[in-house]
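# Fold and contact review
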Amino acid sequence: MPRRSKLLSGTLIASAVLLTTLGLGGVAAGFDTPAAGTTAGAPVTPAHADHAMAAMAAMPASTVSSPEDPDGDGYILANPQVTGVSPSTQDPPHRYFHEFQANCSVTHTAPDDPIVYPQQPGKSHDHTFMGNTTTNANTTTASLNAGSTTCKAPGDKSGYWMPSMFNGTQKILPVGPQTIYYKAGVTDYTSVRPFPKGLRFVVGSPMQTADEFRNHRGFVEGWECGDSYFNVNFPASCPNRADVQLNIRFQAPSCWDGKYLDTPDHKSHMAYPVVKPGTNDNMCPADHPVALPMIEFKMAFPVNGDLSQVKLASGPGYSFHYDFFNAWDDATLKALVNHCVVGGLQCDARGYDQTHPEAGAALDANYRLP
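Here is a short report on the structure shown in this document. Here the residue index of a chain counts from 1 through its sequence in written order. With the structure being a predicted model, the display of local features is reserved for residues of pLDDT at least 70 and the display and counting of side-chain atom pairs for 80 or more, all residues being used for whole-chain, interface and lining totals. Water and hydrogen atoms were dropped before computing side-chain values, which therefore reflect all heavy atoms in the structure.

## Considering the overall build of the chain
Using the following cut-off: In DSSP terms, a helix is any run of H or I states spanning at least four residues, a strand is any run of E spanning at least two, and both are numbered starting from the N terminus. When a residue's accessible area, from a 1.4 Å probe over protein chains only, is under 20% of the maximum for its type it is buried; when over 50% it is exposed; and in between it is partly exposed. In this description, contact between two residues means that some pair of their heavy atoms is separated by no more than 4.5 Å. Here the Shrake-Rupley method, with its probe set to 1.4 Å, supplies the accessible areas, and only the displayed protein chains count as covering residues.
Within the chain one finds 5 helices and 23 strands. A total of 370 residues make up the chain; the buried ones form 54% of that total. Considering only intrachain contacts with a sequence separation of at least 6, the fraction spanning at least 24 residues in the chain is 74%. Looking at the chain as shown, the accessible area adds up to about 15,000 Å², and 53% of this sits on carbon and sulfur atoms.

## Description of the packing of aromatic side chains
How we decide: Pairing of aromatic side chains requires ring centres within 6.5 Å, counting the rings of Phe and Tyr and the six-membered ring of Trp. Pairs whose planes differ by under 30 degrees are stacked, by over 60 edge-to-face, and all others tilted.
Summed over the entire model, instances satisfying the criterion amount to 21 aromatic pairs. Between the aromatic rings of Phe195 and Phe324, the centroid separation amounts to 5.0 Å while the plane-to-plane angle is 50°, which identifies the pairing as tilted. Of this pair, Phe195 sits in the loop between β8 (178–184) and β9 (200–204) while Phe324 sits in strand β23 (residues 321–325), placing them 129 residues apart in sequence. Phe324 matches Phe195 in its accessibility class, with the two residues each being buried.

## Here we look at the pattern of salt bridges
Rule in force here: We count a salt bridge whenever a side-chain nitrogen from Lys or Arg sits within 4 Å of a carboxyl oxygen from Asp or Glu.
With the rule as written, the count across this model stands at 8 salt bridges. Two residues, Glu68 and Arg200, come together in a salt bridge whose shortest N-O distance is 3.0 Å. Here Arg200 lies in strand β9 and Glu68 lies in the loop between α2 (49–57) and β1 (76–77), a separation of 132 residues in the sequence. Arg200 sits in the buried class, given a relative accessible area of 4%. With a closest N to O distance of 2.9 Å, Asp243 and Arg241 form a salt bridge. When salt bridges with common partners are traced through the structure, they connect Lys183, Glu221, Arg249 and Glu296 into a single cluster.

## Structural notes on the nonpolar core
A general trend in soluble globular proteins is that nonpolar side chains are found buried together. The following threshold applies: Nonpolar core, defined: a set of buried Ala, Val, Leu, Ile, Met, Phe, Trp, Tyr and Cys residues in which side-chain atoms within 4.5 Å join the residues together.
Formed by 66 residues in total, the largest nonpolar core has its most connected members in Tyr160, Tyr182 and Leu246. If one sorts the elements of this core by residue count, helix α5 (residues 330–341) sits on top with 5 residues. Listed in part, the 10 residues of the second largest apolar core include Val116, Phe129, Leu144 and Phe325.

## Digging into the sheet that holds strand β3 (residues 106–110)
Within a sheet, each strand pairs with its neighbour through backbone hydrogen bonds, oriented either parallel or antiparallel. Applicable threshold: Here a strand pair is declared whenever DSSP counts at least two bridges between the two strands. Here an axis means a line fitted to C-alpha atoms, over the contact stretch when the element is a helix, while the angle between two N-to-C directions is reported on a 0 to 180 degree scale.
Read from one edge to the other, the open sheet built from 5 strands follows the order β3-β4-β5-β23-β9, with strand pairing classed as antiparallel. Since the sheet does not close on itself, it has two edges, and those belong to β3 and β9, each with one partner. Pairs of neighbouring strands in the sheet enclose a mean axial angle of 20°, with direction left out of account. Pairing of β9 with β23, which is carried by 5 bridges, proceeds in the antiparallel orientation. Within the sheet, the bridge partner assigned to Val203 lies in β23 and is Tyr322.

## Examining the state of the cysteines
Here a disulfide denotes one covalent bond, and it connects the sulfur atoms of two cysteines. Put simply, the rule reads: In this description, a disulfide is simply a cysteine sulfur pair whose atoms lie within 2.5 Å.
If you walk through the whole model with that rule in mind, you get 4 disulfides. One disulfide bridge connects Cys225 with Cys238, the sulfur atoms lying 1.7 Å from each other. Taking the sign of the S-S torsion, -90° for the link of Cys225 and Cys238, the bridge is left-handed. Placement of Cys225 in strand β10 (residues 219–225) and of Cys238 in strand β12 (residues 237–238) is noted, with a sequence separation of 13 residues between them. Overall, Cys238 belongs to the buried group, its relative accessible area being 6%. Bridging Cys340 to Cys347, the disulfide has an S-S length of 2.3 Å. One disulfide, between Cys340 and Cys347, carries an S-S torsion of -100° and so falls in the left-handed class. Grouping residues by exposure puts Cys340 and Cys347 together as buried.

## Some details on the pairing of strand β2 (residues 99–104)
With respect to burial, β2 is a largely interior element, 5 of its 6 residues being buried. Sheet topology places β2 next to β8; 6 bridges connect them, and they run antiparallel. Residue pairing for β8: Phe100 is matched across the bridge by Tyr182.

## Re the sheet that holds strand β14 (residues 255–256)
Ordered by their spatial adjacency, 3 strands build an open sheet running β16-β14-β19, and the pairing between neighbours is antiparallel. Each having just a single partner strand, β16 (270–271) and β19 (290–291) make up the two edges of the open sheet. Note: β14 against β19, 2 bridges, orientation antiparallel. Looking across to β19, one finds that Trp256 is bridged to Val290.

## Quick notes on the pairing of β23
Among the 5 residues in β23, 5 count as buried, and that is most of the element. Across 3 bridges, strand β5 (residues 159–163) lies against β23 in antiparallel orientation. Counted as the bridge partner of Trp161 is Asp323 from β23.

## A closer look at the side chain of Asp323
Here is the rule: A residue counts as positive if it is Lys or Arg and as negative if it is Asp or Glu; His and the chain ends are not included.
Topologically, Asp323 is positioned in strand β23. No salt bridge is formed by the buried Asp323; its nearest oppositely charged neighbour, Lys267, is found at 9.6 Å. Here Asp323 is in contact with Asp113, Ile115, Val116, His127, Gly159, Tyr160, Trp161, Phe201, Val202 and Phe297, once residues within four sequence places are set aside.

If you want it as structure tokens, here you go:
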């Protein structure tokens, strides 16, 4: 796309974001707001137009120049692009599972976001990072490839992050490997292919309202603890027991346009599946025909008892969102996708399904390619 038309598209996207946050469009676009002096995560309605305008100021149609986006327009082209693909309408033999896990531990926290605010350290609200140990405001695909990882599979050098949680002034960090599912989001699980290296996107929005969070396509069970489920905001309290944590599951879009690794709103290159007419089958929309794994965050925060002081760095519980920046080793990711997702298995981080031991594993005992 020529630079002029790319910038025009970015302006149109930014205008759509403004209309959305003013209550004149659909779900609010997913941008982080600066760490200081903002109302990140507060409900945005037409009565809060001043807040929406402030958010708009923090959501320029173009980003600053970066090594992967030298013209700073927010578009990062895939190389190669995926063309000539039509959304699959096939209905393969039913398999209840078609997934594997990436188990990754927390690495650090920082007020950085290399997707929304590249090359701008300290501009974001505080994030909790998992996976790649080097993720910061200056992160690129190359720097992730050169970094190390806390994921069980050494081939997964991706960056995963979400707004940090606080109980009063105490930062609450998930303990141990967290579960990040890679699933089939479409009925034809055999059509799912690996992520392209360098793909990045934001899931959800710190500016979303409680209703937008509840009705988001990625919403699974909301915030839950003990026997309390489907909470849009944090419950007032949880059972004060050592075995109880505050949990959330949230799913990402899994259909790609095949063209861009990123776009100015960090979302438009991705889409959720749609229902095939006359069926209950899920398929990718025509403008996003490439089926990729559906990421699902399943996070557990070690906090219980009185939750009245619990909040996210982005605001209330319904401001939850997360970011993904793919830096998997290509061969490792392909092996896991083919064996577990395309193969219709329920795999752990090795690519092993305990209910189908005859299928073997995609990786060896060290979580590496054999």
